[in-house]
Amino acid sequence: IMKCKRIFASISAAAIMTVSSMNVSAVAPEGYDVNNDGRVNIADAVAISMCLSGASRASDNTALDVNNNGVVDHLDYMSIMAYVSMVGDVTITMQ
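Anyway, here's the lowdown on the structure attached to this text. (Residues numbered from 1 in each chain as written. Predicted model: local features only at pLDDT ≥ 70, side-chain atom pairs only at ≥ 80, totals over all residues. Heavy atoms only, no water.)

Focus on the side chain of Asp65
Residue placement: Asp65 occurs in the loop between helix 2 (42-53) and helix 3 (74-87). Assessed through its relative accessible area of 9%, Asp65 is described here as buried. Filtering out sequence-adjacent residues up to four positions away, Asp65 remains in contact with Gly70, Val71, Val72 and Asp76. (Helix = DSSP H or I, 4+ residues; strand = E, 2+ residues; numbered from the N terminus. Buried < 20%, exposed > 50% of the residue type's maximum accessible area, 1.4 Å probe, protein only. Contact = heavy atoms within 4.5 Å.)

Some points on the nonpolar core
In this structure, Tyr32, Val34, Val40, Ile48, Val66 and Ile80 are the most contacted members of the largest nonpolar core, which totals 14 residues. Mapped onto this core, the elements with two or more residues apiece are helix 2 and helix 3. Ranked by residue count, the leading element in this core is helix 3, at five residues. (Core = buried A, V, L, I, M, F, W, Y, C linked by side-chain atoms within 4.5 Å.)

Put into structure tokens, the structure is as follows:
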């Protein structure tokens, strides 16, 4: 578990350094706004990371399962991190 925490911390630190602060308006993949703040950004990945590390508990874990495989795991975290690192800080718009 400690090794996983160090891996998540390293990935988070690298992502924070590489993700630009640009704000774009785009249609984000459904379910990526896990904290329901209307944006897909590093905060969504942090919410998953904190749940995985046991630092917090989500009232509804299904909201954290962004790839809909029935399990909240590192793949959900990595999905959001990959999206944010490619697109930036995304404000969700409705279509």
